[in-house]
Amino acid sequence: MRLSSPAMLTCRSMIVALALIYGCGGSDEAGTDAQTAAATDGTMTPTSSPTDGTSVAATEGPATSTSEPTAGSSGEETLGTTSEPTTGAEELDWVVPLRGVLVTSMARDPNGDLVLAGYQYGSLSAFGSTDLAEIDDIFATFLVRLDPAGAVKWHRSFDTNSQPMAIVEPVAAVAIGPTGDIVLTGMYNKAVDLGDGPLPSANDNDLFLAAFTADGAPLWSRALSAPGAQYGSAVAIDPNGDIFLGGAFEGEITVGADVLVSQGDTDILLAKFTSAGEATWGRAYGDALGDAALGLAMDGAGDLVLLAMLYGDIADFGGGPIADLSCCTWNGIVAKFDADGLNT
């Protein structure tokens, strides 16, 4: 699973729709993350398959509303209402068309704002009527904050020159911490400045981790840069503000005092950082084939839950042998770790 030659998602007119659905019984906790991606060559119809009350979804076909329009006092049609509401039915409150973007992660704060991260395609990208910043290269990483009504509050674009992976590898992730700060991870393959100075590059896919204020101002950025490929694809924040990073790497990287060496192709990367961006520890899990983290979440006890993709057959995460996964080409696994990264 060599990252320098990915199954790339190309775009002529990538259009997706972001929809907020009410009546879903979702959670409003800070940092709630929905890893998701959608892209197509054509027009899209918003659909609802909500989790945590939010949805990023699209299907092929002409753009349509999922609700019957009703005439307002001015006689104009109003999107997002139904003429005959059904008790308990989900109602589409708003829709924002997204052009030339691939959304791979979303987090919601307690006030209902949404922070989205992913990739934009050249200068064609827009959230509704708001154009994203133009970039020098074809691909860039974006960060966008929407208010509860779906309006863009601010947006940032970073010229990472990083091609998006296949949809099963969402290589950009965002989380919101207890103080409202935003943490973003992803990858870059050229020297990049995320707002507080340029990060080094080994001229391959390198990993970045960065923090921003609730208003999008840069706080700090860190790089894991070494020969071979590294990328960040998952991030979670505990109630103390400590940051947990998930991703994949090749070769040898150093995280804090820990030197990690992959077993062949990409291995799963798991790491912890303080709220100030200082590395606490790093862990690696893998075999001779390609493996990668897909998602991270904190449970109520402060433990870390990892969702990972396995191309090989990892026999042990540290807590004893796991079931034989050698039957299939691609496998997934969910594993729990304590705050020190131990799977017991």
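Counting from 1, residues in each chain are numbered in the order their sequence is written. Given that the model is predicted, a residue must reach a pLDDT of at least 70 before its local features are reported, and side-chain atom pairs must reach 80 or more before they are shown or counted; all residues, however, enter totals for whole chains, interfaces and linings. Side-chain figures throughout are based on the complete set of non-hydrogen atoms in the structure, without hydrogens or water.

Some points on the overall build of the protein chain
Helix and strand content of the protein chain: zero helices and 29 strands. The long-range share in the protein chain, meaning contacts at least 24 apart out of those at least 6 apart in sequence, stands at 57%. Taken as a whole, the protein chain presents about 14400 Å² of accessible surface, with 50% of it coming from carbon and sulfur. Numbering of helices and strands runs from the N terminus, with a helix taken as a DSSP run of H or I at least four residues long and a strand as a DSSP run of E at least two residues long. Here a residue-residue contact requires only that any non-hydrogen atoms of the pair lie within 4.5 Å. What sets the accessible areas is the Shrake-Rupley method with a 1.4 Å probe; for residues, cover comes only from the shown protein chains.

Observations concerning the sheet that holds strand β27 (residues 291-298)
In space, the three strands of this open sheet follow the order β27-β28-β29, with antiparallel pairing throughout. Each edge of the sheet is formed by a strand with only one pairing partner; in this case those strands are β27 and β29 (331-337). Neighbour-to-neighbour, the strand axes of the sheet open up by a mean angle of 20°, direction not taken into account. Being paired, for any two strands, means DSSP has found at least two bridges between them. As paired strands, strand β28 (residues 304-310) and β29 are joined by seven bridges and run antiparallel to one another. Note that in β29 the partner of Leu-306 across the bridge is Ala-335. To obtain an axis, a line is fitted to C-alpha atoms, over the contacting stretch when the element is a helix, and the angle between two such axes runs from 0 to 180 degrees between their N-to-C directions.

Brief notes about the nonpolar core
By size, the foremost hydrophobic cluster in this structure holds 20 residues, and its most contacted members are Leu-209, Ile-243, Leu-245, Ile-253, Val-255 and Leu-269. Contributions of two or more residues to this core are made by β15 (173-176), β19 (206-212), β20 (218-224), β21 (230-237), β22 (243-249), β23 (252-255) and β25 (267-273). Excluding residues within four positions of it along the chain, Ile-253 makes contact with Leu-224, Ala-226, Gln-230, Asp-258, Val-259, Leu-260 and Leu-269. What we call a nonpolar core is a set of buried Ala, Val, Leu, Ile, Met, Phe, Trp, Tyr and Cys residues that are connected through their side-chain atoms within 4.5 Å. Think of it in three bands: residues with accessible area under 20% of the maximum for their type are buried, residues over 50% are exposed, and the middle band is partly exposed, with areas taken using a 1.4 Å probe on protein chains only.

Structural notes on the sheet that holds β21
One open sheet accounts for four strands, arranged β21-β22-β25-β26; its pairing is antiparallel. Edge strands, defined here as strands with exactly one partner in the open sheet, are β21 and β26 (279-285). Each strand axis lies, on average, 20° off the axis of its neighbour in the sheet, ignoring direction. Both β22 and β25 contribute to a ladder of seven bridges, which runs antiparallel. Bridging across to β25, Leu-245 finds its partner in Ala-271.

Some words on the pairing of β22
Buried residues dominate β22, accounting for seven of its seven residues. Residues Ile-243, Leu-245, Gly-247 and Phe-249 line one face of β22 and the alternating positions Phe-244, Gly-246 and Ala-248 line the opposite face, and both faces are buried. Relative to β22, β21 runs antiparallel, the two sharing seven bridges. Paired with Gln-230 across the bridge in β22 is Phe-249. Hairpin connection from β21 to β22: five residues lie between these consecutive antiparallel strands, with Gly-241 at a positive phi of about 95°.

Here's the deal with a nonpolar patch on the surface
Here a patch means residues that are over 30% exposed by relative accessible area and free of salt bridges, tied together within 9 Å if like-charged and within 5 Å if nonpolar (Val, Leu, Ile, Met, Phe, Trp, Tyr). Here a salt bridge means any side-chain nitrogen of Lys or Arg lying within 4 Å of a carboxyl oxygen belonging to Asp or Glu. A cluster of nonpolar residues, Leu-289, Tyr-311 and Trp-330, forms a patch on the protein surface that exposes about 280 Å² of accessible area. Tyr-311 sits in the partly exposed class, given a relative accessible area of 32%.

So, the pattern of salt bridges
The final tally for this structure, using the stated rule, is eight salt bridges. Close ionic contact of Asp-113 with Lys-153 constitutes a salt bridge, the shortest N to O distance being 2.9 Å. Remark: Lys-153 occurs in strand β14 (residues 152-158) and Asp-113 occurs in the loop between β9 (101-108) and β10 (114-121); sequence separation between them is 40 residues. Take Lys-153: its relative accessible area is 48%, and that puts it in the partly exposed class. Ionic contacts of the salt-bridge type, sharing partners, join the residues Asp-109, Asp-113, Arg-145 and Lys-153 into one network.

A short note on the environment of Ala-288
As for its placement among the helices and strands, Ala-288 is situated in the loop between β26 and β27. Once the C-alpha coordinates of Ala-288 and Tyr-311 are considered, the two residues, 23 residues apart in sequence, prove to be 9.3 Å apart. In contact with Ala-288, other than residues within four places in its own chain, are Gln-263, Gly-264 and Asp-265.

Observations regarding the pairing of strand β24 (residues 258-261)
Across four bridges, the pairing between β23 and β24 is antiparallel. The partner of Thr-254 across the bridge, within β24, is Val-259. Counted between consecutive antiparallel strands, the loop separating β23 from β24 contains two residues, among which Gly-256 sits at a positive phi close to 65°.

Some thoughts on the environment of Leu-143
Position of Leu-143 among the secondary structure elements: in strand β13 (residues 139-146). For Leu-143, a relative accessible area of 0% corresponds to the buried category.

What to know about the side chain of Asp-109
Looking at where Asp-109 falls in the secondary structure, it is placed in the loop between β9 and β10. Note on Asp-109: relative accessible area 7%, which makes it buried. Throughout this description, a polar contact denotes any pair of N or O atoms lying within 3.5 Å of each other; where both atoms belong to protein, one of them has to be capable of donating a hydrogen while the other can accept it, and for residues adjacent in sequence the pair is counted only when both atoms sit in side chains. Here Asp-113 takes part through its backbone nitrogen, which lies 2.9 Å from a polar atom of the side chain of Asp-109. Looking at Asp-109, its side chain comes within polar contact range of the side chain of Arg-145, at 2.5 Å.

Description of the packing of aromatic side chains
Each Phe, Tyr or Trp ring, with Trp reduced to its six-membered ring, pairs with another whose centre is within 6.5 Å; inter-plane angles below 30 degrees give stacked pairs, above 60 give edge-to-face pairs, and intermediate values give tilted ones. Across all of its chains, the model carries five aromatic pairs by this definition. With centroids separated by 6.5 Å and ring planes inclined at 45°, the aromatic side chains of Tyr-188 and Phe-208 adopt a geometry described as tilted. In this pair, Tyr-188 sits in strand β16 (residues 182-188) while Phe-208 sits in strand β19, placing the two residues 20 residues apart along the sequence. For the pair Tyr-188 and Phe-208, a shared accessibility class is recorded, and that class is buried.

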